Structures are given as C-alpha cells and as structure tokens.
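Each chain is listed here by its residues.
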Amino acid sequence: MANDSIAQAVRVLEELSTGLDEAYWEANSIERKDFFYDIISAVRSELSEIGKLSVLDHDLIYEPITVEFRAARVKLSKLSNLLDEFVVRSSTASRLETLIKDAISLPIR
C-alpha cells in the first residue's frame, strides 16, 4: 500500500467491515456466520480505538492497536484462500478479495 496513514487504514477497515457484513448475511450456516462475526468484531474494535485518536493524528503511519485485529489478520488470510467456498455471491467474493488484500497489506509494526 502506497499510503499507510491512519486515514487510509480507516478507509480500508470501514470498507472491509461493510464487505464482511454483506458476507455475514449471505452465509448459509451458523459456523460461517460465526467466522465472519469474529472478524467483523475485530475490525470494529480496531475502528473504535482509531476513533479515539485526534483527527490531527490521521496523517501518521498506521499501527494496529487491538490484539483482536492482529489475531484476525490470520483469519483474513484464511478467508482469502477460501472465498469461493465461504462467500455465496460472486460479486461479494470479488469485492472481499480486494478488501482483504488491502487490509492484510496494512502495516503490522
């Protein structure tokens, strides 16, 4: 990612949250819904913590804040490999493929 600022991370995480929410509602089993919900919760937790920062800080380099989001990156990688199996609609899968790639490419630091 060329721009790894907090503002860019917020954009990526908000779009990812929306995409995962769509996949959650499309999921056809409780296990899949639980899988998506776990990642959604981690992303929303991260966004909540970022929301506590000053707007003036949004040009600083992004670093993950929550332990939950750091752990969810593993599930995002797994989901990236299983999109065709886990996501029903091809449009949702295609969108998530890009969003997951962007989220995984956020700095780890």
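Residues numbered from 1 in each chain as written. Predicted model: local features only at pLDDT ≥ 70, side-chain atom pairs only at ≥ 80, totals over all residues. Heavy atoms only, no water.

Caption draft 1: How the structure looks around the overall build of the protein. Check the secondary structure of the protein and you find five helices and zero strands. For the protein, whose C-alpha radius of gyration is 14 Å, the value lies close to the compact-globule estimate of 13 Å for 109 residues. Summarising its shape, the C-alpha atoms of the protein cover approximately 40 × 25 × 20 Å along the three principal directions. Residues classed as buried in the protein amount to 41% of the 109 residues present. (Helix = DSSP H or I, 4+ residues; strand = E, 2+ residues; numbered from the N terminus. Rg over C-alpha atoms; globule rule 2.2 N^0.38 Å. Buried < 20%, exposed > 50% of the residue type's maximum accessible area, 1.4 Å probe, protein only.)

Caption draft 2: Up close: the confidence of the model for the protein. On average, residues of the protein carry a pLDDT of 90, and 96% of them reach 70 or more. Mean pLDDT in the protein bottoms out at helix α4 (residues 83–86), which sits at 91, and peaks at helix α2 (residues 30–50), which reaches 95. (pLDDT = per-residue confidence, 0-100.)

Caption draft 3: Structural detail: the packing of aromatic side chains. Inspection of the entire model under this criterion finds three aromatic pairs. Arranged with centres 6.1 Å apart and planes meeting at 80°, the rings of Phe35 and Phe36 form a pair that is edge-to-face. With a centroid separation of 5.1 Å and an interplanar angle of 70°, the aromatic rings of Phe35 and Phe86 are classed as edge-to-face. Of this pair, Phe35 sits in helix α2 while Phe86 sits in helix α4, and the two are 51 residues apart along the sequence. Across the pair, exposure class does not vary: Phe35 and Phe86 are buried alike. Cluster of aromatic residues (ring-pair linked, three or more members): Phe35, Phe36 and Phe86. Positioned above the aromatic ring of Phe86 is the side chain of Arg32, whose terminal nitrogen or guanidinium carbon lies 4.4 Å from the ring centre. Stacked on the ring of Tyr24, the Lys or Arg Lys33 has its end atom at 4.6 Å from the ring centre. (Phe/Tyr/Trp six-rings, centres within 6.5 Å; stacked < 30°, edge-to-face > 60°. Lys NZ or Arg CZ within 6 Å of the ring centre and 35° of its normal.)

Caption draft 4: Main features of the pattern of salt bridges. A complete count under the given rule lists seven salt bridges for this structure. Two residues, Arg32 and Glu85, come together in a salt bridge whose shortest N-O distance is 3.3 Å. Taken together, the residues span a long stretch of sequence, with Arg32 in helix α2 and Glu85 in helix α4 at a distance of 53 residues. Residue Arg32 is classed as buried on the basis of its relative accessible area of 19%. The salt bridge partner of Glu49 is Lys52, with a shortest N-O separation of 2.9 Å. Taking relative accessible area as the criterion, Glu49 reaches 27% and is therefore assigned partly exposed. By relative accessible area, which is 60% here, Lys52 ends up exposed. (Salt bridge = Lys/Arg side-chain N within 4 Å of Asp/Glu carboxyl O.)

Caption draft 5: Expanded view of helix α3 (residues 67–81). If you check α3, its first and last C-alpha atoms are 23 Å apart, about what 15 residues at 1.5 Å a residue would give, namely 21 Å. Within the sequence span of α3, burial applies to Phe69, Ala72, Arg73, Leu76 and Leu79. Tucked into the core, α3 has its buried residues touching α1 (6–26), α2, α4 and α5 (90–104). (Expected span 1.5 Å × (residues − 1). Contact = heavy atoms within 4.5 Å.)

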